[in-house]
Amino acid sequence: MAKSGENEKPRMHDAARDGAGPDIPQTTGSAVANSSTLTTSLRGLVGLIALLCSLYMVTPGNRLAPNFNEPRSDAVDHVNPLIGNGGDSPNGSGGMIPSTAPPFAMTRWVAQTRVNFVSVTPYNYTDTSIHGFQGTHQPAIWMGESGQVTVSPGAGNVRSKFEDRGMAFSHEGEVVSASYYSVELEATEGGKIFAEQTATSRVGHLRFTFTNTNTPYVLVEATRASVIGSSNPNNLTYPEGSIVIDPNHLEICGSNPERQDYIIAPTSTLATKWSGYFCARFDQPFASWGIAQNGSVAQNQRSGAGAMLSAYAAFNPTLTWVNVRVAVSFISIDQARQNLETEIPDGQSLEETARNTRAAWAEKLDRIKLVGATKEQKEIFYTGFFHTLQYPYEQDEYGRYYSGYDDSIHEGISYTGYSIWDTYRAAWAWLILLAPERIPGMVQSMIQDYTEGGWLPMWKNIIETNIMVATHADSLVAEAVLKGFTGFHLDAAWDAVYKDATVPPLDDTTTLYGDREEFVDYEVRAGLSSVYRQKGWVADDIHTESASRTLDYSYDDFAVSVLAGLLNKTSEQVFFRERAMKNLFTIFNPTTGFMEARNANGTWAGPDNGWTEGDKWAYTFDVVHDVPGLIKRKGGNKSFVEFLDEHFDGGHNDHTNEPSHHIPYLYSLASAASKTQTRVREIAESNYNATVNGLSGNEDCGQMSAWYLFTALGFYPVNPVSGEYVVGSPFFDMVSIDLPSSGNKLDIVSPGATSKPYVHSLSVNGRDVEQPIIRHDQIAQGGVLSFQMRDTPQSWASELTFQQ
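Residues numbered from 1 in each chain as written. Predicted model: local features only at pLDDT ≥ 70, side-chain atom pairs only at ≥ 80, totals over all residues. Heavy atoms only, no water.

Details of the sheet that holds strand E34 (residues 724-727)
A sheet is described by the order of its strands in space; here 3 strands give the open sequence E33-E34-E39, paired in antiparallel fashion. Single-partner strands in this sheet number two, and they are strand E33 (715-716) and strand E39 (773-775). Two strands pair when backbone bridges link them, and E33 and E34 are joined in this way by 2 bridges, in the antiparallel orientation. For Phe715, the partnering residue across the bridge sits in E34 and is Val727. (Pairing = 2+ DSSP bridges. Helix = DSSP H or I, 4+ residues; strand = E, 2+ residues; numbered from the N terminus.)

Have a look at this one:
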């Protein structure tokens, strides 16, 4: 249950300025040089004018001002980036941040309220001070930051330390949207600073307006003390970067080699030449400047190197506003400067940048129209859609990219931020439907990782991190090929997938390969050679997470067999299909009726051993490529449905973690579809809402939201490489999808679904569907799914429950 007030959406209503900064006439320094009183009065008057302009722009519902809500988009208006930022622990909510950037952006810009590291995001809704604006590359709350840059406005004495530069703010003074963010800050020495933020993929665009403050300045932080791991915030390293001030060109540029996940990188891939680079360009002349290091300020110094390093530019005391555009690169400072000039050239206003970014979101989100959705449902849906289009994110820069696998610059497209153990389940299928133009590049990027580093990614954050288990990139590749995608090196894709399935990691029989284990090489399919290949399971007395690995490897073998079949590799298809189907049940304990880890000698290791983010309940149902096999072992449909009921009614379903996501759909595969329809509505209601606590578990690069999105449409990809979706219960009277791959419409028509959760009948493109399965090829080119809905359970695909 929500605490008092938690069911109200956080207000997002401070007025966005209507271009007030750039349009304000400037007073020269000589005109006020002899009168501090006049300076203060003029700056106060100009600030008041800006504030009045802002107040005039407040619109009903505390939404964006006219300069920032174009192009008009009902979908984008319903994105609330604060959803999933709450929670009293790292796993207490979605781990999301209210960042601004276009889809799949290299860098996301966010107000910084905390020093982020593994388990801590840069912004948390419970905080009361903002310490800067960070261009972040932290792809998920349980991953580390890499090569970030932070810009912090201030007034008076320069404050470079995080704890000193914080300025109080109120959520009443925030505007939060997908393409624009603003906040009013209480300047430390008095007065106010109005901060605005938008961004392109590789460039942040910020504007600061100073009212009744002391001398304005902007600090650019290159390096900081970096927290390594999640258990001890005092476990610090001190990355050494560089920074250079160029007053003539109004630039502060530098480098930051911080990469918090370096400690868990494969030992053969250390990315020793890695660095983030940045170049910040201002549109106001510098009155003075300096370097700050570890809290000490050296005025008039133009360059610096080392740890805890920043630079600042101070401005004329009469200055009321300044724009700063901050470009980021993984290649060089020169490339950062090129990114800046390409994406936000000199003279482009913040309004124009925000408009372009909003247009990029509108192009995607407007493709889905909802009929019959409440305001809250729209916010949940479109914010979820927004979340799914953030990762993987762009790593290439106009035809070139840095590869940490061989520490070199290459030509081509590249992505990073692959949370594959999570996203292979449904988020990838969502991208296939709604962002198909990205799929060939994302697959090719994985193939390049294999070519340059030797393996497909498991959890890539700049380079591999060995986080989670199994080689589910096999599934991503197979699903893409199954659904008709080309545009990547197919022969290399097969070689990479085949290697995953046949080549064990180094020291496979002696290395534990535990979660986030340090100083080991690529984990890939740990246990492949020690027992799995010979006996069919991963041994619990040799490897951690052994039971989960066994089931995941079986599924990945199935994915490899699918790809082999598509490539006419008959012998390989037969071999991996047989291994997938046989090994899946090697850990099914017929005495207990549950999956259970086994030791190398075949003895049972105990019901609580060997699981990854789940338990025996969740993983006993983790048989997506052979659900009939589990139903048979549980004694048939009737006893299987009773087992599902025991799972849900006993409180064992944990939707906060991905292994449970497909389970409610298994009723449909046991002739009890009406129970699926009941369960998915219950799960959606209890795990998603439109507040900061609106996600019950970590978003995990879009998978939590992908479950909701597919479920709201009325179907879900239980087995991603089957080419099929299992039918659930559509939420809305109608959903119309403008499919980007075909240009055709997919209409999901379900009158009364908002209050009637049960399916009476279903037709696909005019043909009645008796079984709760929809094929991808039936919807990929558009068409009509027509549901007849009722308010009580129906017999459609529910023969079992109605026989009872």
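Description of the sheet that holds strand E4 (residues 149-155)
Pairing within the open sheet is antiparallel, and its 7 strands lie in the order E1-E3-E4-E10-E19-E16-E17. Looking along the sheet, the strands with just one partner apiece sit at the ends: strand E1 (108-111) and strand E17 (296-299). Neighbour to neighbour, the strand axes of the sheet diverge by 20 degrees on average, direction disregarded. Relative to strand E3 (residues 133-136), E1 runs antiparallel, the two sharing 4 bridges. Pairing of Arg108 across the sheet is with Thr136, part of E3. (Axes fitted to C-alpha atoms, helices over the stretch in contact; angles between N-to-C directions.)

Some details on the packing of helix H18 (residues 637-649) against helix H19 (residues 673-687)
Where H18 contacts H19, the axes come no closer than 12 Å and their chain directions differ by 15 degrees. With respect to their mutual orientation, H18 and H19 come out roughly parallel. The two elements H18 and H19 cross, and the hand of that crossing is left-handed. The segment H18 lies against H19, with Val641, Asp645, Phe648 and Asp649 engaging Lys675, Arg679 and Ile683. In terms of residue class, the contact of H18 with H19 is made up of 3 nonpolar, no polar and 4 charged. (Parallel < 35°, antiparallel > 145°, perpendicular 65-115°, else oblique. Left-handed = near helix turned anticlockwise from the far one by under 90°. Contact = heavy atoms within 4.5 Å. Nonpolar A, V, L, I, M, F, W, Y, C, P; charged D, E, K, R; others polar.)

Description of helix H15 (residues 570-583)
Helix length check: H15 (14 residues) gives 20 Å between terminal C-alpha atoms against 20 Å at 1.5 Å per residue, within 8%. When H15 is considered as a whole, its buried residues turn out to be Phe576, Arg579, Ala580 and Asn583. Buried residues of H15, viewed axially, fall in a sector of 100 degrees; they line one side. Every exposed residue of H15 that faces more than 90 degrees away from the buried side is listed here: Thr570, Ser571, Glu578 and Lys582. Where the residues of H15 are buried, they touch helix H12 (490-502), helix H13 (528-535) and helix H14 (546-566). (Expected span 1.5 Å × (residues − 1). Buried < 20%, exposed > 50% of the residue type's maximum accessible area, 1.4 Å probe, protein only. Arc of directions from axis to C-beta.)

Note that all results are geometric; they support no functional claim without further evidence.
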